[in-house]
Amino acid sequence: MRLSRRITIMLAGAVLATGIAGSGAPAVARDPAPGVADLTRDLDQILADSRLAPARAGVAVRAAATGEDLYSLDADKLFAPASNTKLLTSAAALDTLGTDFRFTTDVLAAANVGRTVAGDLTLRGTGDPTMLAADYDALAAKVAAAGVKVVTGRLVADDTWFDDVRLGTDWTWDDEPYYYAGQISALTAAPDTDYDAGSVIVSVAPGDGPGKAAKVSTTPATDYVKIVNRAVTGDETDVLVERQHGTNTVVVSGTVSEPYDEWVAVWDPTLYAATLFREGLTRHGVKVLGPTVRGTAPAKAATVASRRSMPLGDLLVPFLKLSNNMHAEILTKTMGRKVSGTGTWAAGLAVTTAFAQTNGVKTLRLRDGSGLSRVDALTPAGITALLAAVRGKPWFPTWYAALPIAGEAERMVGGTLRSRMGGTVAAGNVHAKTGSLTGVTALSGYVTSADGEPLVFSIISNGYLSGPPRDLEDRIAVRLAQFSRKAPVDETVDETAARGVAPGSSPRDAAPTSPQRSADDLECSWLKPVRC
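Residues numbered from 1 in each chain as written. Predicted model: local features only at pLDDT ≥ 70, side-chain atom pairs only at ≥ 80, totals over all residues. Heavy atoms only, no water.

1. Re the overall build of the protein
- Helices and strands together make up the secondary structure of the protein, namely 13 helices and 21 strands.
- A buried classification covers 56% of the 532 residues belonging to the protein.
- Of the contacts made within the protein by residues no fewer than 6 positions apart, 69% connect residues no fewer than 24 positions apart. (Helix = DSSP H or I, 4+ residues; strand = E, 2+ residues; numbered from the N terminus. Buried < 20%, exposed > 50% of the residue type's maximum accessible area, 1.4 Å probe, protein only. Contact = heavy atoms within 4.5 Å.)

See the structure below:
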């Protein structure tokens, strides 16, 4: 493959020489320093991989402190970035909302609160993706503790903090039932502390004997989801869990020999959250006489109960470590609400775009906050410019720590990089964001060189035909960790690490993935229950 490589340091030298000699003197190109030349040679060799022959790859490497370009391959070209988009979204959210920002969820009543609430009880959300069934139950307990026994009116679900557009622009229809493409609402609920907002866990276990019906349950346990169980106990686990479009009917079929979990996006997270709250009210002895409806809280309503989320600085950990799409989209609409008063994708993306452009991203196109859209477009050069620019932000240490860290086995430390680059000089060193869609893989972030010099890098590949070349990303990151300006470095990349697998494990070292999706298409943290 012929590589279109631009060594910016050489061009900078040529420009400098022209300036010194005057317009009549010929430009003299300066050769890069030996360490940079060796790095260029080695990265060229890595990127000559045959898998990239029909594909497009863009790479940018910079010295973080000075902005010096150390390597560039089509770095100013636009690529589909997948979840590298979250770098922009998360940084813009911290800058706009602050590390101490918290979501609130309130229970409101227009009438005086006593044993009987004469009128409606309103549940109002502002997008908190960390609300669990237990949190709605705790709100219900507070209502009961206030002495309320009967609500004569309705239970009103107020999700008007955001607009009613539930799915992102350009999201593919066949992703719609999956939790990583869940619907966005200002009122929502997550099934566990991964905080996959707007989803439930469907658990399938063997029944009482071969050929007998499997046992199916949901987390949280709720009547909002209807299970149609066609699965039976068998000699192997080959389970299909499908939510029927436009409904909350989930059909489970196939055979099961061992417990199996599938994360499923619900239809209409607003009513899902309201159902969990109403079920909690019933458990705590509070009876609501009217139906559950959508609506808006009265202007002068009194607060009966309230919950505040963890601060944004803490939410960044599950958001970035696990590459949570819903967090990205909720924060996008939240930024729009704060800056322009409208909780829409358009308003939020305008905030992110302005932030990115202010911090060195010259060319970009954003259609969502997570990177699920294939119309999103970023350049490797733009990403590295932003990575370098935000190092001076007061919130940078929090953000840097929340990025996945190569080779760190703890899930909420290593995140999507926990099984990559283990046993190499990049382990514990590289802090970076992964990105994966079918035909798209990306890795962008920070690495400290062998000289102790901080570097920023961005690697994006689009359009490959075989398995994703993540091993090339790992080899580049390892080589950057070995980079020295003082002496040449022989590239020695551990083959196990290059394959993106932790030493002593296999590429699929946990439960099998769903037959509905190829593991190579998705962020590893999306491959529940594999949990990379």
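2. Some words on helix H9 (residues 380–389)
- Burial analysis of H9 places nine of its 10 residues in the buried class, the great majority of the element.
- Along H9, the positions that sit buried rather than exposed are Pro-380, Ala-381, Gly-382, Ile-383, Thr-384, Ala-385, Leu-386, Leu-387 and Ala-388.

3. A look at the side chain of Lys-433
- Here Lys-433 is to be found in strand S19 (residues 431–437).
- A polar contact is formed between the side chain of Lys-433 and the side chain of Thr-434, at a distance of 3.5 Å. (Polar contact = N/O pair within 3.5 Å; in protein donor to acceptor, adjacent residues only side chain to side chain.)

4. Thoughts on unusual backbone geometry
- Cis geometry is found at the peptide bond from Thr-219 to Pro-220, where omega equals 0°.
- Here Pro-220 shows up in the loop between strand S9 (215–219) and strand S10 (226–233).
- A positive phi angle, near 60°, is found at Tyr-195, a position not held by glycine.

5. Description of the nonpolar core
- Of all hydrophobic cores here, the largest spans 59 residues; its most connected members are Leu-88, Leu-386, Val-390, Trp-399 and Tyr-446.
- Going through the elements one at a time, helix H3 (85–97), helix H6 (312–321), helix H7 (325–340), helix H8 (345–358), H9, helix H10 (396–402), strand S20 (440–448) and strand S21 (454–462) are the ones with two or more residues in this core.
- The greatest single-element share of this core, amounting to seven residues, is contributed by H3.
- Setting aside chain neighbours within four positions, we find Leu-88 in contact with Thr-352, Phe-355, Ala-356, Leu-364, Leu-366, Leu-378 and Leu-386.
- By size, the runner-up hydrophobic cluster in this structure holds 41 residues, among which are Val-143, Val-225, Val-239 and Val-266. (Core = buried A, V, L, I, M, F, W, Y, C linked by side-chain atoms within 4.5 Å.)

6. Things to note about the packing of aromatic side chains
- Evaluation of the coordinates by the stated rule reveals 12 aromatic pairs.
- Each ring, one from Trp-395 and one from Trp-399, has its centre 6.0 Å from the other, and the planes form 85°; the classification is edge-to-face.
- Take Trp-395: its relative accessible area is 6%, and that puts it in the buried class.
- When the centroid spacing of 5.5 Å and the interplanar angle of 75° are considered together, the rings of Tyr-400 and Tyr-446 count as edge-to-face. In this pair, Tyr-400 sits in helix H10 while Tyr-446 sits in strand S20, placing the two residues 46 residues apart along the sequence.
- In this structure Tyr-400 comes out as partly exposed when scored by relative accessible area, which is 24%.
- The rings of Phe-355, Trp-395, Phe-396, Trp-399, Tyr-400 and Tyr-446 are connected pair by pair, giving a single aromatic cluster.
- It is Arg-56 that lies over the ring of Phe-79; its NZ or CZ is 4.2 Å from the centre.
- Geometry around Trp-345 places Lys-333 over its ring, the cationic atom sitting 4.1 Å from the centre. (Phe/Tyr/Trp six-rings, centres within 6.5 Å; stacked < 30°, edge-to-face > 60°. Lys NZ or Arg CZ within 6 Å of the ring centre and 35° of its normal.)

7. Quick word on the packing of H6 against H7
- Orientation of H6 relative to H7, taken along the N-to-C sense of each, is 145°, at an axis distance of 9 Å. Every pair of crossing elements has a handedness; the one defined by H6 and H7 is left-handed. Taking contact as the criterion, the partners of Leu-312, Leu-315, Pro-318 and Phe-319 in H6 are, on H7, His-327, Ala-328 and Leu-331.
- Split into classes, the residues belonging to the contact of H6 with H7 amount to six nonpolar, one polar and no charged. (Axes fitted to C-alpha atoms, helices over the stretch in contact; angles between N-to-C directions. Left-handed = near helix turned anticlockwise from the far one by under 90°. Nonpolar A, V, L, I, M, F, W, Y, C, P; charged D, E, K, R; others polar.)

8. As for the environment of Lys-486
- Mapped onto the elements, Lys-486 comes out in the loop between helix H12 (470–482) and helix H13 (495–498).
- Considered as a pair, Lys-486 and Pro-34 are 452 residues apart in the sequence and their alpha carbons are 7.9 Å apart.

9. Describing the confidence of the model for the protein
- When the pLDDT values of the protein are averaged, the result is 88; 86% of them are 70 or greater.
- Low pLDDT, under 50, characterises residues 1–29; the predicted model gives this stretch 35 contacts beyond four residues in sequence or across chains.
- Note that pLDDT drops below 50 for residues 491–517; the model gives that stretch 58 contacts with residues more than four away or on any other chain. (pLDDT = per-residue confidence, 0-100.)

10. Observations regarding the sheet that holds strand S5 (residues 121–125)
- Spatial strand order, S15-S7-S5-S3-S16: five strands in an open sheet with mixed pairing. A single partner strand is all that each edge strand has here, and the edge strands are strand S15 (292–294) and strand S16 (302–308). Pairwise comparison of adjacent strand axes, ignoring direction, gives a mean angle of 20° for this sheet.
- Looking at chain direction, strand S3 (residues 104–109) and S5 are connected through five bridges and run antiparallel. Looking at the pairing, Asp-106 lines up with Arg-124 of S5.
- Taken strand by strand, helix H4 (residues 133–145) contacts S3, S5 and S16, and its axis lies near 150° from that of S16. (Pairing = 2+ DSSP bridges.)

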